[in-house]
Amino acid sequence: MFGLAHDTFLLLDAVVTIIGLIVLITRFKFHPFIALIIAAGFLGLTSGMPVGQIIKAFQDGFGGVLGFVGIILALGTMLGKMMAESGGADQIAQTLIRAFGKERVQWAMMFAAFLVGIPLFFEIGFVLLIPLVFIVARRTGVSLIKIGIPLLAGLSAVHGLVPPHPGPLLAIGVFGADIGKTILYGLIVALPTAIIAGPLYGTFIAKYIPGHPNQELVDQLAREPQSNTLPSFSITLITVLLPVFLMLLKTFADVALPEGHFFRIWMDMIGHPITALLLALLLSLYTFGHRQGIGSKQILKLLDASLAPTAAIILIIGAGGGFKQMLVTSGVGDVIGHMAVNAQISPILLAWLVAAVIRIATGSATVATITGAGIVVPVVGMIPGVNRELLVLATGAGSLILSHVNDAGFWLVKQYFNMTVAETFKTWTAMETILSIVALGFILLLSLVV
């Protein structure tokens, strides 16, 4: 009896904390970084965590996110800066606009994001491609949201549904699914889903919220290139897709070669997102720098300048990680899972639902996928004949739903697109929710066939 009351209290506590966080930021205009720290502390204190653990949990969450995302954002921003300054981003933009035509430029953005996003983390793909959004918007006069939402949809769909992304990969391990089949089914589901949530929804919502870019970021990422001649399309693609290629190689080595194989050990190192981005950045110093006639002193200045605008974003993302850790450590995630198991529904729907609720509560797609898979796995044992690959996809689809103030991605999009919290809800949050629900529809259709 006491356990039940405690569970209900934890759920209420989480709801109150998240509402409080939204009010602090929207009503009292608190900086998100400070508001997230206050909310995390409040949740820790009220949920009955030992006082000594509260700060530690926040620190662990903060460091855990920044230990990875912080490094990647910095390297990706530098690479993006080199691409922007040399005119490489301009070259890709012009080539895509020529191929698709000005009227269909939003389709070009979605396909670019879908391809680049397959092996890239959402944050890396976002940082790499955001200069394109600003440049294309400026060149074509098409609204920022109409171009930006398809780009975000392309990235987000592959992030949630297609290995080698961390969420789907972890779920494959938990459910014991086949990686090849998961990638195949993932692509079948992700492409139509991205089209509906991206170009189609983006064109609709842009009529109401055209979006105004953040001038400081535009000056940095989308101003006219330093050199007169643009780097060729092929050189630009090779430089920007090098991390993509290296991470794919790592995945192939992991699948094809036995554990402990010489080549596999080295590919695990070279194909790690941090190493892959560093190598691409070093290559860009030549292809986008010296080759374009930009001197070493100038390059140093550019790289230095590129990091300033990302400082606030990096801190907010870290604080979001701390808040997420608080939700996990206080036990809110567990409570949600057990409630879902008691309500008897189809395993695919259950996997989606559990991941969705944890995603809404914790803000992390990856946490939602891991926790969701861990909670649903015992249910799979009770119901024979469930397609495990589709369970991976359902968990991934659920993990995309309703990105809001506790998700680092929400703040990333809000800052870069210079929107209010309300506008971010109508564009980004709505797009993520459409992705999640449409993907579930396609997965259920696919489950009738496979």
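All residue numbers refer to positions counted from 1 along the written sequence of the respective chain. Whole-chain, interface and lining totals are the exception, using all residues; otherwise, since this is a predicted model, local features are given only for residues with pLDDT of at least 70 and side-chain atom pairs are given and counted only at 80 or more. Where side-chain values are given, they derive from all heavy atoms of the structure, hydrogens and water being excluded.

### Some details on the pattern of salt bridges
We apply this condition: Salt bridges are counted wherever a side-chain nitrogen of Lys or Arg sits within 4 Å of a carboxyl oxygen of Asp or Glu. Strands are runs of DSSP state E lasting at least two residues, helices are runs of H or I lasting at least four, and both sets are numbered from the N terminus onward. Think of it in three bands: with a 1.4 Å probe and only protein chains considered, a residue is buried below 20% of the maximum accessible area for its type, exposed above 50%, and partly exposed in between.
Here the structure, examined in full by the defined rule, presents 3 salt bridges. A salt bridge links Asp60 to Lys56; its shortest N-O distance comes to 2.9 Å. Of the two residues, Asp60 and Lys56 are both situated in helix α3 (residues 51-86); the distance of 4 residues between them amounts to about one turn of the helix. Here Arg359 and Glu432 are joined by a salt bridge, their closest N and O atoms 3.2 Å apart. Of this pair, Arg359 sits in helix α17 (residues 347-362) while Glu432 is found in helix α21 (residues 421-449), placing the two residues 73 residues apart along the sequence. The burial state of Arg359 is the same as that of Glu432; both residues are buried.

### Comments concerning the side chain of Ser403
Using the following cut-off: Any two residues having at least one pair of non-hydrogen atoms within 4.5 Å are treated as being in contact.
By secondary structure assignment, the location of Ser403 is in the loop between α19 (388-398) and α20 (408-417). We classify Ser403 as buried; its relative accessible area is 1%. In contact with Ser403, not counting residues within four places along its chain, are Arg359, Phe410, Trp428, Thr429 and Glu432.

### Some details on the environment of Gly88
Position of Gly88 relative to the elements: it lies in helix α4 (residues 88-100). On the basis of relative accessible area, Gly88 is assigned to the buried category, the value being 0%. Along the primary structure Gly88 and Thr239 are separated by 151 residues, whereas in three dimensions their C-alpha atoms are 9.3 Å apart. Ignoring any residue separated from it by four or fewer positions in sequence, one finds Gly88 in contact with Met83, Pro231, Thr236 and Phe288.

### Side note on helix α2 (residues 32-46)
As a reminder of what qualifies: A helix is expected to span 1.5 Å multiplied by its residue count minus one. This arc is taken over the directions from the axis of the helix to the C-beta atoms.
The terminal C-alpha atoms of α2 lie 21 Å apart, and with 15 residues this matches the ideal 21 Å at 1.5 Å per residue to within 8%. Every buried residue of α2 is listed here: Pro32, Ala35, Leu36, Ala39, Ala40, Leu43 and Gly44. Each buried residue of α2 lies within a common arc of 165 degrees when the element is viewed along its axis, so the set occupies one face. Just past α2, the residue Gly48 takes up positive phi, approximately 85 degrees.

### Remarks on unusual backbone geometry
Both trends apply: most residues other than glycine have a negative phi, and most peptide bonds are in trans. The backbone phi angle of Leu402 is positive, close to 40 degrees, even though this residue is not glycine. Following the sequence through the fold, Leu402 ends up in the loop between α19 and α20. Even without being a glycine, Asn418 presents a positive backbone phi close to 60 degrees. Along the chain, the position of Asn418 falls in the loop between α20 and α21. Accessibility expressed as a relative area gives 43% for Asn418, which makes it partly exposed.

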